[in-house]
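Breakdown of the fold
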Amino acid sequence: MSEHTNTGHKEHILPLSLYLGIGSMLLVLTAVTVWVSFFDFGEFNLVVAMIIAASKASLVALFFMHLKYDNKLYAIIFVSSLLFLAVFIIITMFDTLRRDDVYIEKSGPIQKQSLMYDSLKTHSDSTTVVDSLQVKEDTTTVDLNK
Amino acid sequence: MNKIPETHYLNAKKGIWSWLTTVDHKRIGILYLFSVMFFFFVGGMFALMLRLELLTPTEMYIDSDTYNQMFTLHGAIMIFLFIIPAIPAILGNFVLPIMIGAKDVAFPRLNLLSWYIYIVGALFAVFSLVSGGADTGWTFYTPYSTTTSTAVISIVLGAFILGFSSIFTGLNFIVTVHKLRSPGMTWFKMPLFVWGMYATALIQVLATPVLGITLVLLIIERLIGIGIFDPAMGGDPVLFQHFFWFYSHPAVYIMILPGMAIISELITAHSHKKIFGYKAVAYSSLGIAFASFIVWGHHMFTSGQSELAAMIFSFLTFFVAIPSGVKVFNWVATLYKSSISFSTPMLYTLSFLFLFSIGGLTGIFLGALPVDIHLHDTYFIVAHFHYVMVGGTVIAFLGGLHHWWPKMWGRMYNETLGKISCLLIFVGFNMTFFTQFIMGSQGMPRRYHLYVDAYRPFHAFSTYGSWVMAAGFFLMAYYLIHSLFKGKPAGNNPWGALTHEWSITSPPPEHNFEEIPITEHGPYDYDKIVAKSTLVEN
Amino acid sequence: MSHSQEGHPKFLQHHFSDVEQQRESAKLGMWVFLVTEILLFGGLFVFYAIYRAWYPDMFHNAHLALDVAMGTTNTIVLITSSVTIALGIRSIQLDRQKDTIWYLFATLLLAGTFMVIKYFEYMHKIHLGQLPGEWYHFDGIEGNNPHVFFSAYFLMTGLHGIHVLIGMGLITWLIFRTKAGHFSSKYYTHIEMTGLYWHLVDLIWIFLFPLFYLIG
């Protein structure tokens, strides 16, 4: 393959109007997202905001980042990173949002009233290792080296 | 009689400066070899000192604080400085480009940069070591890691920096495998080592950034107290564990997948038989890589996560066993009716099969939620992950090191000593760690400095085992170093293997190939082609 | 792929067989790097999601402390800079080096504007004590632990800001190299890669903006 033909990337030269068009669409969507934020859709506020953000992001990725025209491998790579991020968020939320399934007092973040935490605080300067930090709501598992 | 070629990558350029500025993937592999083995030695010394201290139930020669710092450093050094870079950065760098018929990795300068980053990260770890050490365990769990007075920041910063080194290696391999395969090297003609490294690289680039941000959060929390992991300020320490294990569980597969990759290579080359189920082994690497991302919570069954999450994680954990099982069965099936030569690499391969099976199966016990509640944080865990990490990865690494040693240096090591050392390591390893399964199931908690008298015989036996293992390692160091100067020339292809690296001289020429090779046969077509071993009998 | 020996361009590295292979490798490498960036930020997005789910009312109350006008301005500035850098790449594809330099310069200027606005926002918050963690000393926000919101705000916009600064450094470097005549339609990998990076920085802001400034 001679380096003078450059057939591979001639096709990426998009018309000026496309860039300007996409740019103005992004600005319009920005205006829309600010505008809709003044309305209250209840639980759907976040959904609406995220849909608009996702469309803006798709425009940037598809046209400015050339995903629409380039090797599909790049698009696969890009989307899979979002997929892994989604896995991270969703599975973590199976924990954080469902802590109170069995014991209601376990809901939300670990409470500062946890006995374990208090005793740890007071021992923090004596550099004793607590055998893994098991924070339980009713017991103190600090078993210092006897 | 074999001869060492006149010029090769080792003597093509001379002087220390030519090594420090090299962009040759083989030389970078050698740079990594020496630096990583140095830290293996340091981490191993910590292990021996810990085992010696545990010989008796009472304090023997180090106090509890020192003990805590020592096991932290043992863990952190072995994980971040030895086992994660070991196979990809040493053997992967050295053979992966040659295997796919490339002249170098895609980004040679990035490759060198990754070594320098490794060294900088290592310096931070060393700094932590000399400035009093950290005592949090290698997991840096909050809230202890944000409240202890020891040198947590420097070691965490070290781990953060080392992450970049790992990312760059992974990124390089992904691009190399995609773009630099020689003509005819289709995806399914790639050696399985390349498949394994590819799967590893995927995990490295997907998981390591999360470790990066986690450690940054930890440092910020510790430095300026933003309280996101602090319950007193509405934060949640368990969240740290989620963040940490979202990286660190896949990281476990960053450690074991390269080991599996090596075994696939060794088992065919030393039994001269086509791999059984090539595609199954290749896909199972990707399967393991994917599954590794959805099971992290099994490290947190007793941490206070929701019961639902614990059940989901326990359920998902069992899926990891499937691709791992696929691999083990295929390896064993490869051995069936093959002509096994009991060379040192093969002995390591067989050791791997035995030890990894134990390590993997005990992992299934631990993945089962109710069993884990009992076994959590006992020596059973310690034994399990040493069986996988040492019995799996380190044994595979040593096997690979012996397999490619003649290619790296052009010289053979002493096979008899190699076998003796392998045997010592195998026996010593089992003495050390099988004992810990028993101890752990009886309730001996991990990370304890002092223990009740009942465990004394187990601990003592375990310590004796560590000495046997150490003897094996020192013997190995002796004959490997000896072979550099006095070893017999190995010839191009001492094992009679079929992958590309054995078709060029040992040591390889500076740019690997005069002409980019054209791949005509599969990597394991031992049924069609017989490659004669160039090894001269001693 | 034939091994073209005739007329190796000087930017072709020895281990690639042709320019196309080198270019594709660089691009793939860049995309893989962008993945690591996404997951780096991803950690913070997870952190945000979890705390927002735990403290929905506090997040709503705290977000009122942010200035929507400034946020919107910054969004517009950053989107415009994305357009200019994309046009810069287009110019170099057409061998219009002069235009490229101007577009890159405009991008740099817009990035600078973004940082200046960010600076005023930060100074205002620091002044009021709307700060992360134990530095928080503002009492106009109802709800539990409002400092958590500002932890998320400063961490995420801070990391984003660092990326903008790095991008500004890269663009400055590109301006000098383009001036020196290093790039042409045959070889502009560095500009293309920086462009991808810059678009990602823009992309992340596109999500940060509604998540912080426009909580309904």
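Residue positions within a chain follow its written sequence, with the count starting from 1. The order in which chains are written sets their letters, starting at A; the order in which ligands are written sets their numbers, starting at 1. Local features in this predicted model are restricted to residues of pLDDT 70 or higher, and side-chain atom pairs are both shown and tallied only at a pLDDT of 80 or more, whereas totals for entire chains, interfaces and linings draw on every residue. Values reported for side chains reflect all heavy atoms of the structure, with hydrogen atoms and water molecules removed beforehand.

**Examining the overall build of chain C**
Secondary structure elements are defined from DSSP: runs of H or I of at least 4 residues count as helices, runs of E of at least 2 residues count as strands, and each element is numbered from the N terminus. For chain C, the count of helices and strands is 6 helices and 0 strands. Going from the N terminus to the C terminus, chain C shows its helices and strands as α-α-α-α-α-α. C-alpha atoms of chain C, sized along the principal axes, occupy 70 × 30 × 25 Å. Put simply, chain C has 216 residues, and 65% of those count as buried. The long-range fraction of contacts in chain C, counting pairs at least 24 apart against all pairs at least 6 apart in sequence, stands at 75%. Remark: exposure states derive from per-residue accessible area (1.4 Å probe, protein chains only) relative to the maximum for the residue type, with buried under 20%, exposed over 50%, and partly exposed in between. Whether two residues touch is decided by their heavy atoms; if any such pair falls within 4.5 Å, the residues are in contact.

**Quick look at the overall build of chain A**
Helices and strands together make up the secondary structure of chain A, namely 5 helices and 0 strands. Mapped in sequence order, the helices and strands of chain A form the string α-α-α-α-α. When the accessible surface of chain A is totalled, it reaches about 7700 Å², and 69% of it is carbon and sulfur. Residue burial considers only the protein chains on display, and all accessible areas are found by Shrake-Rupley using a 1.4 Å probe.

**Section: the layout of surface pockets**
For each structure, a 1 Å grid was placed over the protein atoms alone; sets of points admitting a 1.4 Å probe that cannot get out are labelled cavities, open sets with protein on both sides within 12 Å along at least five of seven lines are labelled pockets, and lining residues have an atom within 4 Å of a point. Grid points are joined across faces, edges and corners, and a volume is the space filled by probe spheres set on the points. The computed volume of the second largest pocket comes to approximately 1600 Å³. L110 and F168 of chain B together with M30, F33 and L170 of chain C are, among the 48 residues lining the second largest pocket, the residues nearest its centre. By residue class, the composition of the lining of the second largest pocket is 33 nonpolar, 12 polar and 3 charged. The classification used treats Ala, Val, Leu, Ile, Met, Phe, Trp, Tyr, Cys and Pro as nonpolar, Asp, Glu, Lys and Arg as charged, and all other residues, Gly among them, as polar.

**So, the packing of helix α11 (residues 344–367) of chain B against helix α14 (residues 415–441) of chain B**
Residue and element names in this part refer to chain B. Lines fitted to the C-alpha atoms define the axes, with helices restricted to the stretch that makes contact. Angles between their N-to-C directions range from 0 to 180 degrees. Close contact between α11 and α14 brings their axes to 9 Å; oriented N to C, the two are set at 10°. The angle between the axes of α11 and α14 places the two elements in the roughly parallel class. Between α11 and α14, the contacting residues are T344, L347, Y348, S351, F354, L355, I358 and T362 on the first element and E415, G418, K419, S421, C422, I425, F426, F429, N430 and F437 on the second. For this classification, under 35 degrees means roughly parallel, over 145 means roughly antiparallel, 65 to 115 means roughly perpendicular, and everything else is oblique.

**Section: the interface of chain C and chain A**
With 53 residues of chain C in contact, the opposing surface of chain A contributes 51 residues. What gets called buried area is simply the loss in accessible area from a 1.4 Å probe that two parts show on being joined, summed for both. The junction of chain C with chain A conceals about 4700 Å² of combined surface from both sides, 76% of it contributed by carbon and sulfur atoms. On the chain C side of the contact with chain A, W31, W54 and R90 of chain C bury the most area, a combined 14% of that side's loss. The term salt bridge refers to a pairing of a side-chain nitrogen on Lys or Arg with a carboxyl oxygen on Asp or Glu at a separation within 4 Å. Remark: the boundary between chain C and chain A carries 1 salt bridge.

**Brief notes about the side chain of H63 of chain C**
As for its position among the elements, H63 of chain C is in helix α2 (residues 56–63). Judged by relative accessible area, which is 7%, H63 of chain C ranks as buried.

**Here's the deal with the confidence of the model for chain C**
Residues and elements named next belong to chain C. pLDDT is defined as a per-residue confidence score from the predictor, taking values between 0 and 100. When pLDDT is averaged along chain C, the result is 91; 96% of the residues meet or exceed 70. Contacts for the low-pLDDT stretch residues 1–6, under 50 throughout, to residues beyond four places or in other chains number 10 contacts. The ipTM value of the predicted complex is 0.93, and its pTM value is 0.92.

**Notes on the interface of chain C and chain B**
Between chain C and chain B, the residue contacts involve 34 residues of the former and 33 residues of the latter. Taken together, the two surfaces of chain C and chain B that pack against each other cover about 2900 Å², and 73% of this comes from carbon and sulfur. The largest per-residue losses of area from chain C upon contact with chain B belong to H14, H15 and L39 of chain C, which jointly make up 18% of the total buried on that side. Between chain C and chain B we count 1 salt bridge in total. For the salt bridge of K179 of chain B with E24 of chain C, the shortest nitrogen-to-oxygen distance reads 3.1 Å. N or O atoms closer than or at 3.5 Å make up a polar contact, with two conditions inside protein: a donor-capable atom paired with an acceptor-capable one, and, for residues adjacent in sequence, both atoms drawn from side chains. Along the contact surface separating chain C from chain B lie 12 residue pairs in polar contact (both at pLDDT 80 or more). Where the side of chain C that touches chain B is concerned, the elements lending two or more residues are α1 (19–54) and α5 (146–179) of chain C. At 19 residues, α1 of chain C tops the list of elements feeding residues into the side of chain C that touches chain B. The residue makeup of the side of chain C that touches chain B, split by class, is 20 nonpolar, 12 polar and 2 charged.

**Looking at the nonpolar core**
By size, the foremost hydrophobic cluster in this structure holds 296 residues, and its most contacted members are F80, F193 and F352 of chain B together with F212 of chain C. Counting residues per element, this core draws most heavily on helix α3 (residues 64–99) of chain B, which supplies 22 residues. The set of buried Ala, Val, Leu, Ile, Met, Phe, Trp, Tyr and Cys residues whose side-chain atoms join them within 4.5 Å is what this entry labels a nonpolar core.

**Side note on the side chain of R99 of chain A**
By the secondary structure assignment, R99 of chain A is in the loop between α4 (72–96) and α5 (115–123). For R99 of chain A, a relative accessible area of 1% corresponds to the buried category. Polar contacts involving the side chain of R99 of chain A include one to the side chain of D95 of chain A, which spans 2.8 Å. Not counting residues up to four positions away in its chain, the partners in contact with R99 of chain A are K106, S107, G108, P109 and I110 of chain A, D236, V238, G304, Q305, S306 and E307 of chain B together with W54 of chain C.

**Quick notes on the pattern of salt bridges**
The tally for this structure, following the rule as stated, stands at 14 salt bridges over all chains. R23 of chain C serves as the salt-bridge partner of E192 of chain C, at 3.3 Å between the closest nitrogen and oxygen. Of the two residues, E192 of chain C sits in helix α6 (residues 189–213) while R23 of chain C sits in helix α1, which places them 169 residues apart along the sequence. With respect to burial, E192 of chain C and R23 of chain C carry one shared label: buried. We note a salt bridge from E121 of chain C to K118 of chain C, for which the minimum N-O separation is 3.4 Å. Of this pair, E121 of chain C and K118 of chain C both sit in helix α4 (residues 97–128), 3 residues apart, which is roughly one turn of that helix. Of the residues examined, K118 of chain C reaches a relative accessible area of 2% and is grouped as buried. Linked through salt bridges whose partners overlap, the residues forming this network are D70 of chain A together with E20, R23, K27 and E192 of chain C.

**Regarding the packing of α4 of chain A against α1 of chain C**
Two elements in contact, α4 of chain A and α1 of chain C, have axes whose closest approach is 9 Å; the angle formed by their N-to-C orientations is 20°. Overall, the two elements α4 of chain A and α1 of chain C adopt an arrangement that is roughly parallel. Helix-helix and strand crossings are classified by hand; for α4 of chain A and α1 of chain C the assignment is right-handed. Grouping the amino acids of the contact of α4 of chain A with α1 of chain C by side-chain chemistry returns 20 nonpolar, 5 polar and 2 charged. Should the near helix be turned anticlockwise from the far one by less than a right angle, the crossing is left-handed, and should it be turned clockwise, the crossing is right-handed.

**Re α4 of chain A**
The span you would expect from a helix comes to 1.5 Å times its residue count less one. An ideal rise of 1.5 Å per residue puts 36 Å on 25 residues; α4 of chain A measures up with 36 Å between its terminal C-alpha atoms. For α4 of chain A, the side-chain oxygen to backbone nitrogen distance between the N-cap and L73 of chain A is 3.1 Å, and the N-cap itself is N71 of chain A.

**Some points on unusual backbone geometry**
All names here are of chain B. Looking along the chain, the bond that leaves T142 and enters P143 is cis, with omega of -5°. On the secondary structure map, P143 appears in the loop between α4 (108–130) and α5 (144–147). Looking along the chain, the bond that leaves S506 and enters P507 is cis, with omega of -10°. In this fold, P507 is placed in the segment after α15 (456–486). A positive phi angle, near 60°, is found at D377, a position not held by glycine.

**A few points about a nonpolar patch on the surface**
All names here are of chain A. A patch consists of residues whose relative accessible area exceeds 30% and which take part in no salt bridge; residues with like charges are grouped when within 9 Å of each other, and nonpolar side chains (Val, Leu, Ile, Met, Phe, Trp, Tyr) when within 5 Å. Taken together, the side chains of W35, F38, F39, F41, F44, V47 and I51 define a hydrophobic patch exposed on the protein surface, amounting to about 800 Å² of accessible area. Per element, the largest residue contribution to the nonpolar patch is 3 residues, and it comes from helix α3 (residues 44–64). Under the relative-accessibility criterion, F44 is labelled exposed at 53%.

**Some points on empty space enclosed by the protein**
All names here are of chain B. Under the defined criterion, the tally for this structure stands at 9 cavities of 30 Å³ or more. The space that makes up the largest cavity amounts to roughly 130 Å³. Lining the largest cavity are 16 residues, and of these I84, P85, L162, S165 and S166 lie nearest its centre. Contributing elements (two or more residues each) for the lining of the largest cavity: α3, α6 (152–179) and α7 (192–224). For the lining of the largest cavity, a count of residues per class yields 10 nonpolar, 6 polar and no charged.

**Re the environment of R96 of chain C**
Position of R96 of chain C relative to the elements: it lies in the loop between α3 (68–93) and α4. Excluding residues within four positions of it along the chain, R96 of chain C makes contact with R90 and S91 of chain C.

**Side note on helix α2 (residues 25–53) of chain B**
Helix length check: α2 of chain B, at 29 residues, gives a terminal C-alpha distance of 41 Å against a target of 42 Å (1.5 Å per residue), a fit within 8%. The N-cap of α2 of chain B, judged by a side-chain oxygen 3.0 Å from the amide nitrogen of K26 of chain B a few residues on, is D24 of chain B.

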